[in-house]
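In case you want the letters, here they are:
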Number of protein chains: 2
Amino acid sequence: MSRYDRHKALLEEHLARLVKESVPRSLYEPLKYVLAGGGKRIRPVLLMLSCEAVGGTARSALRAGAAIEILHNFTLVHDDIMDNASSRRGRKTVHTKWDTNVAILVGDELLALAYRAVLQTKSPNIQRIAKTFTDGVVEVCEGQAYDKEFETRSAVTVNDYLLMIEKKTAKMVSVAAEIGALIGNAAPEGIRALRQYGHHVGLAFQIQDDLLDIMANEEELGKKIGGDLVEGKKTFLLLEALRTARGSDRKLLRELVANKGCSPDRIPEYRRIYIETGAAASARRRIEREINRSKQELHRLPSTGAQAVLEWFADMLLHRTY
Amino acid sequence: MSRYDRHKALLEEHLARLVKESVPRSLYEPLKYVLAGGGKRIRPVLLMLSCEAVGGTARSALRAGAAIEILHNFTLVHDDIMDNASSRRGRKTVHTKWDTNVAILVGDELLALAYRAVLQTKSPNIQRIAKTFTDGVVEVCEGQAYDKEFETRSAVTVNDYLLMIEKKTAKMVSVAAEIGALIGNAAPEGIRALRQYGHHVGLAFQIQDDLLDIMANEEELGKKIGGDLVEGKKTFLLLEALRTARGSDRKLLRELVANKGCSPDRIPEYRRIYIETGAAASARRRIEREINRSKQELHRLPSTGAQAVLEWFADMLLHRTY
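The helix and strand inventory of chain A stands at 16 helices and two strands. Taking 20 Å as the expected radius of gyration for a compact globule of 322 residues, we find that chain A reaches 20 Å, a close match to that expectation. Expressed as lengths along the three principal axes of its C-alpha atoms, the size of chain A is roughly 60 × 50 × 35 Å. Within chain A, the proportion of its 322 residues that are buried is 60%.

Further remarks concern the interface of chain B and chain A. Listed as interface residues are 39 residues of chain B and, on the opposing side, 39 residues of chain A. Between chain B and chain A we count two salt bridges in total. For the salt bridge of R116 of chain A with D135 of chain B, the shortest nitrogen-to-oxygen distance reads 2.9 Å. Our count for the contact surface shared by chain B and chain A stands at 16 residue pairs in polar contact (both at pLDDT 80 or more). Of all the secondary structure elements, the ones that give two or more residues to the side of chain B that touches chain A are helix 2 (25-35), helix 4 (62-82), helix 6 (100-118) and helix 7 (126-152) of chain B. A class-by-class count of the residues in the side of chain B that touches chain A yields 21 nonpolar, eight polar and ten charged.

Let us now look at the pattern of salt bridges. Where charged atoms from two side chains of opposite charge come close, those side chains can pair. Following the criterion strictly, the structure yields 58 salt bridges over all chains and no others. The residue D80 of chain B makes a salt bridge to R88 of chain B at a minimum N-O spacing of 2.8 Å. Look at D80 of chain B and you get buried, because its relative accessible area is 4%. Residue E139 of chain B pairs with K167 of chain B through a salt bridge whose shortest N-O separation is 3.9 Å. Pair noted here: E139 of chain B is in helix 7 and K167 of chain B is in helix 8 (residues 158-183), with a separation of 28 residues, a long-range link. Note on accessibility: E139 of chain B and K167 of chain B belong to one class, buried. Put simply, E21 and R116 of chain A together with K131 and D135 of chain B are held in one network by salt bridges that share partners.

Residues and elements named next belong to chain A. Taking 1.5 Å as the rise per residue, helix 15 (residues 279-298) with 20 residues should run 28 Å; its terminal C-alpha atoms sit 29 Å apart, in good agreement. The complete set of buried residues in helix 15 reads A279, A280, S282, A283, R286, I287, E290, I291, S294, K295, E297 and L298. Considering only its buried residues, helix 15 is in contact with helix 8 (158-183), helix 9 (188-215), helix 12 (236-244), helix 14 (267-276) and helix 16 (305-319).

Here we come to the relation of the copies chain B and chain A. Aligned on chain A, chain B shows an RMSD of 0.0 Å; the corresponding rotation is 180 degrees and the shift along the axis is 0.0 Å. Classification of the inter-copy transformation places it as that of a two-fold axis. When the interface residues of chain B are mapped onto chain A, 100% of them again fall at the interface, so both copies present the same face.

Right, let's talk about a positive patch on the surface for a bit. Residues and elements named next belong to chain A. On the surface, a cluster of positive charge is made up of R17, K20, R59, R63 and K122. With respect to the helices, strands and loops of the structure, R59 is situated in the loop between helix 3 (42-53) and helix 4 (62-82). Accessibility expressed as a relative area gives 60% for R59, which makes it exposed.

Looking now at the confidence of the model for chain A. One rule of thumb: low pLDDT means the predicted coordinates there are not for detailed reading. When the pLDDT values of chain A are averaged, the result is 96; 100% of them are 70 or greater. Model confidence for the complex: the whole-complex pTM is 0.98, and ipTM, which rates the interface, is 0.97.

This paragraph deals with the environment of V23 of chain A. Within the secondary structure, V23 of chain A sits in the loop between helix 1 (3-18) and helix 2 (25-35). The spatial distance from the C-alpha of V23 of chain A to the C-alpha of E240 of chain A is 50 Å, given a sequence separation of 217 residues. If near-sequence neighbours (up to four positions away) are discounted, V23 of chain A is found in contact with Y28 of chain A together with Y146 of chain B.

Before going further, it helps to examine the packing of helix 6 (residues 100-118) of chain A against helix 7 (residues 126-152) of chain A. Residues and elements named next belong to chain A. Running from amino to carboxyl end, helix 6 crosses helix 7 at an angle of 155 degrees, the nearest separation of the two axes being 10 Å. When the axis of helix 6 is compared with that of helix 7, the two are roughly antiparallel. Viewed along their axes, helix 6 and helix 7 form a crossing whose handedness is right-handed. From helix 6, L111, A114, Y115 and V118 reach across to helix 7, where they touch I126, I129, F133, T134 and V137. Partitioning the contact of helix 6 with helix 7 into residue classes produces eight nonpolar, one polar and no charged.

Right, let's get into helix 2 of chain A. Every α-helical turn comprises 3.6 residues, leaving residues that sit three or four positions apart pointing alike. Of the positions making up helix 2 of chain A, those classed as buried are L27, Y28, P30, L31, Y33, V34 and L35 of chain A. For helix 2 of chain A, the secondary structure elements touched by its buried residues are helix 1, helix 4, strand 2 (91-92), helix 5 (94-97) and helix 6 of chain A together with helix 7 of chain B.

Bringing the packing of helix 9 of chain A against helix 15 of chain A into the picture now. Residues and elements named next belong to chain A. Where helix 9 meets helix 15, the closest approach of the two axes is 8 Å, and the angle between their N-to-C directions is 160 degrees. Between helix 9 and helix 15, the crossing angle belongs to the class labelled roughly antiparallel. Of the two elements, helix 9 crosses helix 15, and the hand of that crossing is left-handed. For the contact of helix 9 with helix 15, a count of residues per class yields 14 nonpolar, four polar and six charged.

What follows concerns unusual backbone geometry. Residues and elements named next belong to chain A. Residue P24 is reached from V23 by a cis peptide bond, and omega for that bond is -5 degrees. Structurally, P24 can be placed in the loop between helix 1 and helix 2. With a phi close to 55 degrees, R41 is a non-glycine residue in the positive phi region. Mapping R41 onto the fold places it in the loop between helix 2 and helix 3.

Below, the discussion takes up the packing of aromatic side chains. The tally for this structure, following the rule as stated, stands at 13 aromatic pairs over all chains. Ring geometry for Y115 of chain A and Y115 of chain B: centres 3.4 Å apart, planes at 0 degrees, overall stacked. Linking Y115 of chain A in helix 6 with Y115 of chain B in helix 6, this pair reaches from one chain into another. The class for Y115 of chain A is buried, based on a relative accessible area of 1%. Aromatic pair Y115 of chain B and F133 of chain B: ring centres 5.1 Å apart, planes at 80 degrees, arrangement edge-to-face. Of the two residues, Y115 of chain B sits in helix 6 while F133 of chain B sits in helix 7, which places them 18 residues apart along the sequence. No difference in accessibility class separates Y115 of chain B from F133 of chain B, as the two residues are buried.

Cut-offs used in this document
Residue numbers run consecutively from 1 along every chain, following the written order of its sequence. Whichever chain is written first becomes A and whichever ligand is written first becomes 1, with later ones labelled in order. Residues qualify for local features only when their pLDDT is at least 70, as the model is predicted, and side-chain atom pairs are given and counted only at 80 or more; totals for whole chains, interfaces and linings, by contrast, use all residues. As a convention, hydrogens and water are excluded, and side-chain values are obtained from all of the structure's heavy atoms. To qualify as a helix, a DSSP run of H or I must reach at least 4 residues; to qualify as a strand, a run of E must reach at least 2; elements of each kind are numbered from the N terminus. For the radius of gyration, the atom set is restricted to C-alpha positions; the globular benchmark scales as 2.2 Å times the number of residues to the power 0.38. Each residue is placed in one exposure class: buried if its accessible area under a 1.4 Å probe, protein chains only, is under 20% of its type's maximum, exposed if it is over 50%, and partly exposed if it falls in between. Should any heavy atoms of two residues lie within 4.5 Å, those residues are considered in contact. A carboxyl oxygen of Asp or Glu within 4 Å of a side-chain nitrogen of Lys or Arg is what we treat as a salt bridge. Throughout this description, a polar contact denotes any pair of N or O atoms lying within 3.5 Å of each other; where both atoms belong to protein, one of them has to be capable of donating a hydrogen while the other can accept it, and for residues adjacent in sequence the pair is counted only when both atoms sit in side chains. Asp, Glu, Lys and Arg are counted as charged, while Ala, Val, Leu, Ile, Met, Phe, Trp, Tyr, Cys and Pro are counted as nonpolar; the rest, among them Gly, fall into the polar class. Residue count minus one, scaled by 1.5 Å, sets the expected span of a helix. To line up the copies, we fit them by least squares on C-alpha atoms, keeping just the residues with pLDDT of at least 70 in both. The patches reported here contain residues having more than 30% relative accessible area and no salt bridge. Joining distances are 9 Å for like charges and 5 Å for nonpolar side chains (Val, Leu, Ile, Met, Phe, Trp, Tyr). Where accessible areas are quoted, they stem from the Shrake-Rupley method and a 1.4 Å probe; at the residue level, only the protein chains shown are allowed to cover. For the purpose of charge, His is not counted, nor are the chain termini; Lys and Arg are scored as positive and Asp and Glu as negative. All charge positions are set by atom: Lys at NZ, Arg at CZ, Asp at CG, Glu at CD. For every residue, the predictor reports its confidence as pLDDT, a number between 0 and 100. Axes here mean lines fitted to C-alpha atoms, for a helix over just the part in contact, with angles spanning 0 to 180 degrees between N-to-C directions. Any angle that is under 35 degrees is reported as roughly parallel, and any over 145 degrees as roughly antiparallel; angles of 65 to 115 degrees are reported as roughly perpendicular and all others as oblique. By convention the crossing between two helices is left-handed if the near helix lies anticlockwise of the far one by an angle smaller than a right angle, and right-handed if it lies clockwise. In this scheme Phe, Tyr and Trp rings, the latter by its six-membered ring, pair at centre separations within 6.5 Å, and the angle between planes marks the pair as stacked below 30 degrees, edge-to-face above 60, and tilted otherwise.

Here it is, written out as structure tokens:
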């Protein structure tokens, strides 16, 4: 088993034992349903690897790892309400399987449990760790607020978008890496390097998500491509294409924005525009740049097994197809 | 100005300066609206008084006080969504003035800001303070879950109700007093006494709320009496009356439960039942018992000005008419 898979298994085992309560049932039944929902567990594994990369142990970072994963699930439960999403990872969302009230409360409790987990960390840096964690929560909320604002705002630039995903996605990856470094008692340069690594990897991850939504192989992706277009989401590709398209292509893009989406049969046409305007190539270049920068940050760290896994992880993001 | 009012003024001033951000506007505009909404600020003042009662300063407890008040407002914003409440303290609720998505996100951010504030506390006990705070959040969520479960559960006992208000209301008052004691570096007996003080005061406060809803003078209360009856809320009085009523009174009470409420013109009749079954007197006795117990806890503390204010505060709860 690879180091990544070992850490993931450790995390899954810890998460499964974490919640002992069972009443009130209306709270704990859906809450356990969420935590058992799987997922890639990227954030906690990065947190543990970061701790190892500065000389700490993965086990000392396990509770904080669980915390960051629970926190991530809190954002998913509440975002799914706001986005009217009926399924996630092939299962019904909480507000669909139960109701909105239950989902609000389950999200709230998840956030509290995330704090409970992070506060169990034994570290002289605990106050700073908890503060870093909190800064992450604040920015995730801000990122989600921007994301919702963009749905109804017509003038959104690529830079607006980058600010939004920095807050909504990259910050929490960066926080995970930084907390791992703090638990490992890293020197300031090590903390900074891992924070920046997380930042670049997080940005690359989100832009890759946007790219795959339209460019992936449907079977590999495991869902229909073009979902962002149908919903009229202001992705990196759409905003880049809007910036450079001229003539009838520009008109079609403006139509998509005005209509807040398109019918599925228009997807191939927009895909063509993304390719011909260079928006897709621009996304690929941006991903590559962020991944290269993330790897440069890693080179400031001593060469260890964990550092090698973090490098492999960045490369995997660059080449992932789902 | 009394010590209570001085602490309240200190808190208001701190809260007003707390949030410097203004964008994303969809997040910070409603968030500031909530924090400026006033209220009795009971929890933060109790926290500061508790700190003083064990020899600390009110100022050292100010950030934690702000934290507990922000946390309280988080629960109000989310509860108001779940309860479909359109107004609070004479102003529109967030999900009414904006929308449910905004209210979910504003509540989430308030919870994060509450943690940010409590984590600014300078204390060797910071990890325990943050853990105590978190235990409070978990129990508030559990209490709200029970409260919502009770709406559709027909068999609810007075003891079920007491467990629910212990979690939903009393716990956070108790946490406020305990955190004040922790910031004041109290000895274990002092921490325990103040925690228990908060517990009893919190229970008394909630039962008094139930009592005032039906027994208060409408003008003093500032809102229509009998709201709990109209909504069919399972209050201390309703559950006590259900336990002891016989004959036609019992039938009327069961009707109220089955119909999940009654029309406003039935209020005087239920009021009569609450009096004749002794439910109102039972509530008064329970409130008095909790207040007496809270005062006994205070007598374990050294006699100081803060201790006297905490005693006055308990008595004020006993005699409040709104």
